[in-house]
Amino acid sequence: MSNLTRREFLGIAGTTAGILVAGKKVVSALKKEPVGKSKNYKEEWIPSCCNMCGGQCGILARVVDGKVVKIEPNPHNPNNFSNNSEDFFKNHLKEGGLICPKGNAGIATLYDPDRVKTPLKRTNPQKGIGVDPKFVPISWDEAYSEIVLRLKKLRNNGEAHKLVWFSEDHSFTHIQGDFCKLYGTPNYSNHANLCDTGRKASFKIIMGDERPLCDFINSKYILLFGWNPLSALKWSHLGRIIPRAMEKGAKLVVVDPYLSGTAAKSQEWIPIRPSTDGAMALAMANIIIRENLQDMTFIDEWTTGFEHYKEYVKNKTPKWAEKITSVPAKTIERIAIEFATTKPAIVDVWSGPGQHSNGVYSSWAIGLLAALTGQIEKPGTLVIPNKKGNKHIGVHPDETAEKSLKEKRLDFGKDKYPYFHSSGVYAESFKNIAEGKGPYQPKMAMIIFQNVLMSLPGTETIAKALSKLEFVVVNDIFLSETALFADIVIPGTTYLERYDLNTHWVTWPALGLRQPIVKPIFNQPAEYEFVCELGRRLKLKEKDGKDFFWNGEMSGNRISDKTKWYEEFLSKELKEGEPKITLEELKKLPGAVWVSAKGTAYEKHKKTIPTDKLKDTITEGVIIYSTKKDGKKDKQIGFLKDGVPTRGFWTPTGKIQFYEEKHKDKKDANGKPLSPLPEYCPRNWQPDEKYPLYLINWKEASHTHTRTHNNPYLVELKPENPLMINTDTAIKMGIRDGDIVWVESPYGKVKAKAKITEGMHPEVVGLQHGFGHWALGNIAKGRGTSDAFLRPTVSCALSGQALHKECCVKVYKG
């Protein structure tokens, strides 16, 4: 299958910082040819983008006689090297790119013998955990006919909104969203809700941009709250730019209950009680202001509400925070002074604090430390990325679709959640189905590239919801736990068998192509082809009566390759987006990557708006909006700063917000008034006598969510997820290393293997998320522990973020 053995893979993965593979360093070892033998096979190297996780890093795939035998990092893709353009253009070709173990192990997933090979139909009407669906193979035509029949019935009965649709958030999302609009359901949701919508809400309040990035390579001080970039490795470049900054003298400080891979490589690890990070941030602000270390020039010119904030933190002393966080007051004071006096500096926060019920306020408080010290939009600080790439053209639904699109979302969307994200609120949706609540009861679900049964908190609730739906379709490459609840299973493709456009998470515009390295090995349609074929058979039309999905001729079980409908769809997005090139032109670029020559830009908020850009705009108060074709306001593009049209920040004031005035008139999903300040409030679920320990989870580069646990290379790298317990805590409970223990909450109990460590806060236990499969494949089944059984299906009342880390348990020997 591959000329890279498991031993070679594990050896390479274990010898590099952040378990990354560096292309230039390993290429010679991995391209060995038999001595004295002529090359009697066909070989080609094809550039593409990975999708073993959501990072979308660049890859080069070696194909020999039609089979993928090797995957290397693509040095032409910034995601594999640096998020800073100057660093990338100067060094990427001479140093080569990086790739994580997941990306290097993708071949094993492509050729996994446990993959779904043909459409399957359920013959057992009973559904539940442990229930055999008694699937039987069916033809593609039968699968399409059955699904389309169900979809037509809903739409003809005026119930298109009773279709709920869930998908991964980095793959073929545009075409799925377009289908849902043309069909008439407002209930399209995707994975982002399970990830960082809490952080997105916090930074939207602060600066109007949901995902600022860290210019690590230029920083001198890096302070991270609950983020594990050197081990979780969403983007491979993180494993290079953070160590490089440290090599140049930067200090890395990690605040986290667990000694993560990043904390282990830092100069200082600060263990903290889960969900109390906001209190530490407020206490740091207290010290910075007390010592007059704030950047008053930046504050006066580019922020609003500082005096309210200053008054609020006046009594938030390190001693106050010590009682809440367990972090010594002297440590808080020292870190505050170090951070404020070392420039440039970065402070950032991700899912650690963000996946608690107080996560939005906590992350708001943390993010404001950057504003307080003026460490925003400068080299080595938090930078708002320019994410211009392919343009989503969108669709114009017909009258039938428009009518049902006016129905409320099942999760109530922005009507209930003040910082609702377009990815939806999974917990609300599934809880409403399970409990028979919500604005209506859905009848059908389409689940593509998602294992919701293991990815959401509250497994029993999700199982109950899936059982109550009349018809469930799952499109996946494996028979996942969720697929076992399906009425029809559609075999999906891996990223090595399909197209996609990836606008990369770097600070300047860059777009990489994912393209088929090999044809789908079971002759199955790619997911977007499957969606398009449903649209064709349903005869979905736009408002002007035209077919949106091109009606090509059928060739066997698949749409003929000659149609090229989806390729044209992608070409149009490229031509109307920032690249202004076709799909074929993108393929011919080095590494099949379009990289803008504009480069990383700083202090974009200071730029004035040219007169010619103000032609089709509306000004309301101080905010300037672009307009739609009908003359109504569209997107915020700037504000009037002293009467001058200026880019500013995309907040209601055009400035960084210490204080959000509009919160005074808003309530969260539970009916609680919003605070205009980033106040500290304890999370909803606290330890007590019966359940005295916090339970947290995390992710590492060895696996992605619940998706990769049938990959033999990755399982050999990380075969299980033991429960990490502090040494002193374990001694008090009489638990030894390797003991099998029960982990119990009010919602369930699971077995785990104990791992005793000094690298865990004494009041906390935790494990890596994603294990504990009872399906998926022969390798995955029965490995490790799933913690999703231990939590309720709840979401953040502000953002709708699924609360994966809010849990309290007791632990005892089995």
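Engineer: In this structure, what is going on with the overall build of the protein? I would like to understand it.
Structural biologist: Per the secondary structure count, the protein includes 27 helices and 35 strands. Along the first, second and third principal axes, the C-alpha atoms of the protein reach 75 × 70 × 65 Å. Residue burial in the protein is summarised as follows: out of 814 residues, 64% are buried. Partitioning the intrachain contacts of the protein with sequence separation of at least 6 by distance along the chain shows that 72% fall at a separation of at least 24. Accessible surface, the protein as shown: approximately 30900 Å² in total, 51% of it carbon and sulfur. Within the protein, one finds 116 positive and 93 negative side-chain charges whose respective centroids are separated by 1 Å.

Engineer: I would appreciate a short explanation of the nonpolar core in the present structure.
Structural biologist: Most often, soluble globular proteins keep nonpolar side chains buried together rather than apart. In terms of nonpolar packing, the biggest core is built from 91 residues, with Phe-216, Leu-223, Met-284 and Tyr-309 touching the most fellow members. Ignoring sequence-local partners within four residues, the contact set of Tyr-309 consists of Ala-285, Ile-289, Leu-368, Leu-372, Phe-658, Leu-677 and Pro-678. Core analysis: the next-biggest nonpolar cluster, separate from the first, contains 51 residues, Val-395, Tyr-499, Leu-534 and Ala-592 among them.

Engineer: Explain empty space enclosed by the protein here, please?
Structural biologist: To find the voids left in a structure, one rolls a probe of water-molecule size over its atoms. A full pass over the atoms with the stated rule returns seven cavities of 30 Å³ or more. Its volume calculated, the second largest cavity comes out at about 70 Å³. Considering the residues around the second largest cavity, the lining is formed by Cys-50, Met-52, Cys-53, Gln-56, Cys-57, Ile-99, Cys-100, Lys-102, Gly-103, Leu-233, Lys-234 and Ser-236. Taken together, the residues of the lining of the second largest cavity break down into seven nonpolar, three polar and two charged.

Engineer: What exactly am I supposed to notice about the packing of aromatic side chains here?
Structural biologist: Each aromatic ring pair is characterised by the separation of its centres together with the angle its planes make. Summed over the entire model, instances satisfying the criterion amount to 34 aromatic pairs. Judged by centre distance (5.8 Å) and plane angle (45°), the rings of Phe-88 and Trp-508 are tilted. Taken together, the residues Phe-88 in helix H3 (residues 85–95) and Trp-508 in the loop between strand E20 (500–503) and strand E21 (510–514) connect sequence positions 420 residues apart. A centroid spacing of 6.2 Å and a plane angle of 85° characterise the contact between Trp-302 and Phe-649, whose relative ring orientation is edge-to-face. Placement of Trp-302 in helix H13 (residues 296–302) and of Phe-649 in the loop between strand E28 (644–646) and strand E29 (656–657) is noted, with a sequence separation of 347 residues between them. On the accessibility criterion, Trp-302 (3% relative accessible area) is buried. Relative accessible area serves as the criterion here: at 1%, Phe-649 is assigned to the buried category. Grouped by ring-pair contacts, the aromatic residues Trp-165, Phe-172, Phe-179, Tyr-183, Tyr-528, Phe-548, Phe-549, Trp-565, Tyr-566 and Phe-569 constitute a single cluster. Taking NZ or CZ as reference, Lys-316 lies 5.6 Å from the ring centre of Trp-320, over its face.

Engineer: Sorry, what's going on with the pattern of salt bridges here?
Structural biologist: A side chain with one charge may pair with a side chain of the opposite charge, provided their charged atoms come close. Counting across every chain of the model gives 49 salt bridges. The partner of Arg-240 in a salt bridge is Asp-87, and the shortest N-O contact between them spans 2.6 Å. Pair noted here: Arg-240 is in helix H10 (residues 238–247) and Asp-87 is in helix H3, with a separation of 153 residues, a long-range link. For Arg-150, the salt bridge goes to Glu-146, with nearest N and O atoms at 3.4 Å. Placement of both Arg-150 and Glu-146 in helix H6 (residues 140–156) is noted, with a separation of four residues, approximately one turn of the helix. Salt bridges linked by common partners bring Asp-87, Glu-95, Arg-240, Arg-244 and Glu-247 together as one network.

Engineer: Whenever I open this one, unusual backbone geometry confuses me. Can you help?
Structural biologist: Outside of glycine, negative phi angles account for most residues, and trans bonds account for most peptide bonds. A cis amide bond, omega -5°, links Lys-343 with the succeeding residue Pro-344. Looking at where Pro-344 falls in the secondary structure, it is placed in the loop between helix H16 (329–341) and strand E15 (345–349). Phi is positive for Phe-172, which is not a glycine, with a value near 40°. Of note, Phe-172 is situated in the loop between strand E8 (163–167) and helix H7 (173–183). Exposure remark for Phe-172: the relative accessible area of 3% places this residue in the buried category. In the Ramachandran plot, Asn-292 falls in the positive-phi region, its phi being about 55° despite a non-glycine side chain.

Engineer: Mind showing me how you'd approach a positive patch on the surface here?
Structural biologist: On the surface, Lys-388, Lys-391, Lys-580, Lys-613, Lys-629 and Lys-635 cluster together to form a positively charged patch. Looking at the secondary structure, you find Lys-391 in the loop between strand E16 (382–383) and helix H19 (399–405).

Engineer: What exactly am I supposed to notice about the sheet that holds strand E35 (residues 808–813) here?
Structural biologist: Where strands meet in a sheet, backbone hydrogen bonds hold them as pairs that are either parallel or antiparallel. Spatially, E30-E34-E31-E33-E32-E35 is the arrangement adopted by the six strands of the closed barrel, whose pairing is mixed. For this sheet the average axis-to-axis angle between neighbouring strands, irrespective of direction, equals 45°. Strand direction decides the pairing type here: strand E32 (residues 740–745) and strand E33 (residues 748–757), joined by six bridges, are antiparallel. Opposite Val-741, over in E33, you have Ala-752 as the bridge partner.

Engineer: Explain the sheet that holds strand E11 (residues 221–225) to me, please; I cannot follow it from the model alone.
Structural biologist: Sheet architecture is open: four strands sit in the order E13-E12-E11-E15, paired in parallel fashion. The open sheet is flanked by strand E13 (268–270) and E15, the only strands paired with a single partner. Each adjacent strand pair in this sheet contributes to an overall mean axis angle of 15°, direction not counted. Bridge count between strand E12 (residues 251–255) and E13: three bridges; the pairing is parallel. If you follow Val-254 over to E13, its bridge partner there is Trp-269.

Engineer: Which parts of the structure should I look at to understand the layout of surface pockets?
Structural biologist: The computed volume of the second largest pocket comes to approximately 590 Å³. Around the second largest pocket, the lining is made up of 33 residues, and of these Asn-670, Asn-684, Ser-795, Cys-796 and Ala-797 lie nearest the centre.

Engineer: What should I look at first to understand the environment of Glu-307 in this one?
Structural biologist: Checked against the element boundaries, Glu-307 lands in helix H14 (residues 306–312). For Glu-307, a relative accessible area of 54% corresponds to the exposed category. For Glu-307 and Lys-641, which are 334 residues apart along the polypeptide, the C-alpha to C-alpha distance reads 20 Å.

Engineer: Explanation requested: the packing of H7 against helix H23 (residues 527–538) in the structure shown.
Structural biologist: Relative placement of two packed helices is described by the angle separating their axes and the distance separating the axes. Their axes nearest at 10 Å, the elements H7 and H23 cross at an angle of 20°. Compared by their axis directions, H7 and H23 come out roughly parallel. Here H7 and H23 pass one another in a crossing that is left-handed. From H7, Ile-175, Gln-176, Phe-179 and Tyr-183 reach across to H23, where they touch Tyr-528, Val-531, Cys-532, Leu-534, Gly-535 and Leu-538. The class makeup of the residues in the contact of H7 with H23 is eight nonpolar, two polar and no charged.

Engineer: Could you clarify how one ought to interpret the environment of Trp-140 in this entry?
Structural biologist: Checked against the element boundaries, Trp-140 lands in helix H6. Placed 20 residues apart in sequence, Trp-140 and Leu-120 show a C-alpha to C-alpha distance of 9.4 Å.

Engineer: Can you walk me through the side chain of His-356 in this structure?
Structural biologist: One can find His-356 in the loop between helix H17 (351–354) and helix H18 (359–372). Among the polar contacts listed, one links the side chain of His-356 to the backbone oxygen of Gly-352, at a separation of 3.3 Å. The residues touching His-356, leaving out its near neighbours within four places in the chain, are Pro-274, Ser-275, Arg-683, Leu-803, Lys-805 and Glu-806.

Engineer: Can you walk me through the packing of helix H12 (residues 277–290) against H16 in this structure?
Structural biologist: Running from amino to carboxyl end, H12 crosses H16 at an angle of 65°, the nearest separation of the two axes being 9 Å. Where H12 crosses over H16, the handedness of that crossing is right-handed. Along its contact with H12, which presents Met-280, Ala-283, Met-284, Ile-287, Ile-288 and Arg-290, the element H16 presents Ile-332, Glu-333, Ile-335, Ala-336, Ile-337, Phe-339 and Ala-340.

Criteria and thresholds
- Residues numbered from 1 in each chain as written.
- Predicted model: local features only at pLDDT ≥ 70, side-chain atom pairs only at ≥ 80, totals over all residues.
- Heavy atoms only, no water.
- Helix = DSSP H or I, 4+ residues; strand = E, 2+ residues; numbered from the N terminus.
- Buried < 20%, exposed > 50% of the residue type's maximum accessible area, 1.4 Å probe, protein only.
- Contact = heavy atoms within 4.5 Å.
- Areas by Shrake-Rupley, 256 points an atom, 1.4 Å probe, with all protein chains shown as cover.
- Lys, Arg positive; Asp, Glu negative; His and termini not counted.
- Charge placed at Lys NZ, Arg CZ, Asp CG, Glu CD.
- Core = buried A, V, L, I, M, F, W, Y, C linked by side-chain atoms within 4.5 Å.
- 1 Å grid on protein atoms, 1.4 Å probe; cavity = no way out; pocket = protein on both sides within 12 Å on 5 of 7 lines; lining within 4 Å.
- Points joined across faces, edges and corners; volume = space filled by probe spheres on them.
- Nonpolar A, V, L, I, M, F, W, Y, C, P; charged D, E, K, R; others polar.
- Phe/Tyr/Trp six-rings, centres within 6.5 Å; stacked < 30°, edge-to-face > 60°.
- Lys NZ or Arg CZ within 6 Å of the ring centre and 35° of its normal.
- Salt bridge = Lys/Arg side-chain N within 4 Å of Asp/Glu carboxyl O.
- Patch = residues over 30% accessible without salt bridge, like charges linked within 9 Å, V, L, I, M, F, W, Y side chains within 5 Å.
- Pairing = 2+ DSSP bridges.
- Axes fitted to C-alpha atoms, helices over the stretch in contact; angles between N-to-C directions.
- Parallel < 35°, antiparallel > 145°, perpendicular 65-115°, else oblique.
- Left-handed = near helix turned anticlockwise from the far one by under 90°.
- Polar contact = N/O pair within 3.5 Å; in protein donor to acceptor, adjacent residues only side chain to side chain.

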